[in-house]
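Inside the fold
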Amino acid sequence: MKLATWNVNSLAVRLPQLLEWLAAHQPDVMVLQETKLTDDKFPQAEIEAAGWHAQWFGQKTYNGVALLSKSQAGDVVRNIPGFSDELARVITATVDGIRIVNAYVPNGQAPGTDKFEYKLQWLRGLRDWLVDELAAHPKLVLLGDFNIAPDDRDVCDPVAWAGQIHCTDEERDQLRKLIALGLVDAFRLFEQPPKSWSWWDYRNLAFRRNQGLRIDLILVSEALKASVQACTIDKAPRKNERPSDHAPVLLTLA
DNA sequence: ATGTCACCTGGTAGGTGA
């Protein structure tokens, strides 16, 4: 079983690239962030014609998430139950017996801002809800754009990024607390090339210089850990003429 | 080099968010 996550930074712009990627990789589950589409604009017909069911949850201009699956998805939940949020950031569903939680974690802008506090509160809300969700669904995958680089291996220049957004102790502490619920960062179950990133800034020729961060993560529950066969980042779509700033991350489960 | 991209409002550019 193949699962994947990709922050597409506008599905309206990236739909052709998504369809190309789906055709090439045939994931059983594909989750998307930053669709930036209201629900009436979601390209349901194109995605279903390609062979995937779709669930989506969007809003105007910003955010927006979707969950595509070869099998029909069930028990769909939008956003975080028990945490009031005006933004469309989470969609959850069960596919082939696995609970899939697709999260677009707030960016947080910069430490000390209101957006940073919102990010921390949001992560607390996610954790509180996941306690119950994991109890109800031991086979669970939490994946998406976390906007947090777990540790210095995940940062192109740890000195320059120290204390900056995506790399603060507060954010990393929240991520550790999520993982402490009984999750594991699937990417680090395997030997990986050094300087593996999932996001490169559009500015400063960052991709050409391979200056990025690994902030797109796939966390699997303990019940699934033994089934994980591979976890990789596919840089190829970042080389497209008009790329997303993020690359897809893939997980293979037995 | 705060050097790009996407989307909005309200235009034929400026603001916001990432």
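Our structure's up above, just so we're on the same page.
Just so it is clear, the model here is predicted, and its values are computed rather than measured.

Reading guide: rules and limits
Residues numbered from 1 in each chain as written. Chains lettered and ligands numbered in written order. Predicted model: local features only at pLDDT ≥ 70, side-chain atom pairs only at ≥ 80, totals over all residues. Pairing = 2+ DSSP bridges. Helix = DSSP H or I, 4+ residues; strand = E, 2+ residues; numbered from the N terminus. Axes fitted to C-alpha atoms, helices over the stretch in contact; angles between N-to-C directions. Buried ≥ 20, exposed ≤ 12 C-beta atoms within 10 Å, placed from the backbone. Right-handed = clockwise from strand over helix to strand, strands pointing away. Parallel < 35°, antiparallel > 145°, perpendicular 65-115°, else oblique. Contact = placed C-beta atoms within 7 Å. Arc of directions from axis to C-beta. Near = placed C-beta within 6 Å. Nonpolar A, V, L, I, M, F, W, Y, C, P; charged D, E, K, R; others polar. Core = buried A, V, L, I, M, F, W, Y, C linked by C-beta atoms within 7 Å.

Describing the sheet that holds strand 13 (residues 228-233)
Ordered in space as 3-4-2-1-14-13, the 6 strands form an open sheet in which the pairing is mixed. The sheet terminates laterally at strand 3 (53-57) and strand 13, the two strands that pair on one side only. Mean inter-strand twist for the sheet, computed between neighbouring axes without regard to direction, equals 10°. In this sheet, strand 4 (residues 65-69) lies alongside strand 3 in antiparallel orientation, the contact comprising 5 bridges. By the bridge assignment for strand 4, Trp56 is matched with Ala66.

What about the pairing of strand 1 (residues 2-7)?
Of all 6 residues that make up strand 1, 5 are buried, and the element is covered over most of its length. Bridge count for strand 1 against strand 2 (residues 29-33) is 5 bridges, and the pairing is parallel. When the bridges of strand 2 are listed, Asn7 appears paired with Gln33. In this region the chain leaves strand 1, passes through helix 1 (residues 11-25) and returns to the parallel neighbour strand 2; the handedness of that crossover is right-handed.

Describing the packing of helix 3 (residues 114-136) against helix 5 (residues 169-179)
Two elements in contact, helix 3 and helix 5, have axes separated by 10 Å at closest approach and are oriented at 5°. As far as their axial angle goes, helix 5 and helix 3 are roughly parallel. For the pair helix 3 and helix 5, the contacting residues are Leu120, Leu123 and Arg127 in the first and Glu170, Gln174, Lys177 and Leu178 in the second.

Quick word on the environment of Gly125
Along the chain, Gly125 falls in helix 3. As a C-alpha pair, Gly125 and Pro81 span 44 residues in sequence and 8.7 Å in three-dimensional space. Here Gly125 is in contact with Ile80, Gly82 and Phe83, once residues within four sequence places are set aside.

Quick look at the environment of Glu133
Among the secondary structure elements, Glu133 is positioned in helix 3. Spatially, the C-alpha atom of Glu133 lies 12 Å from that of Ile98, the residues being 35 residues apart in sequence. Residues within four places of Glu133 in sequence aside, it is in contact with Arg99 and Leu140.

Remarks on helix 5
Looking at helix 5, one finds that the buried residues are Glu171, Gln174, Leu175 and Leu178. Taken around the axis of helix 5, the buried residues stretch over an arc of 100°, which confines them to a single face. Opposite the buried face of helix 5, at more than 90 degrees from it, the exposed residues are Asp169 and Lys177. Looking at the buried residues of helix 5, the elements they touch are helix 3 and strand 9 (183-185).

Quick notes on the protein's contact with DNA strand B
DNA strand B sits among 17 residues. The nearest are Ser10, Thr61, Asn107, Tyr202 and Arg203. Taken together, the residues that form the surface near DNA strand B break down as 6 nonpolar, 6 polar and 5 charged.

Examining unusual backbone geometry
Positive phi outside glycine occurs at Asn9, with the angle close to 45°. Note on Asn9: 18 C-beta atoms within 10 Å, which makes it partly exposed. Non-glycine residue His166 carries a positive phi angle of around 85°. Locating His166 in the fold gives a position in the loop between helix 4 (158-161) and helix 5.

Focus on the nonpolar core
Among the nonpolar cores identified, the biggest contains 70 residues, and Ile100, Val141 and Ile218 are the most heavily contacted of them. Filtering out sequence-adjacent residues up to four positions away, Ile100 remains in contact with Val29, Val31, Leu67, Thr92, Ala93, Val95 and Val141.

Topic: the sheet that holds strand 9
Overall, mixed pairing links the 6 strands, which are arranged 5-6-7-8-12-9 in an open sheet. At either end of the open sheet lies a strand with only one pairing partner, and these are strand 5 (74-78) and strand 9. This sheet shows a mean twist of 20° between the axes of neighbouring strands, independent of strand direction.

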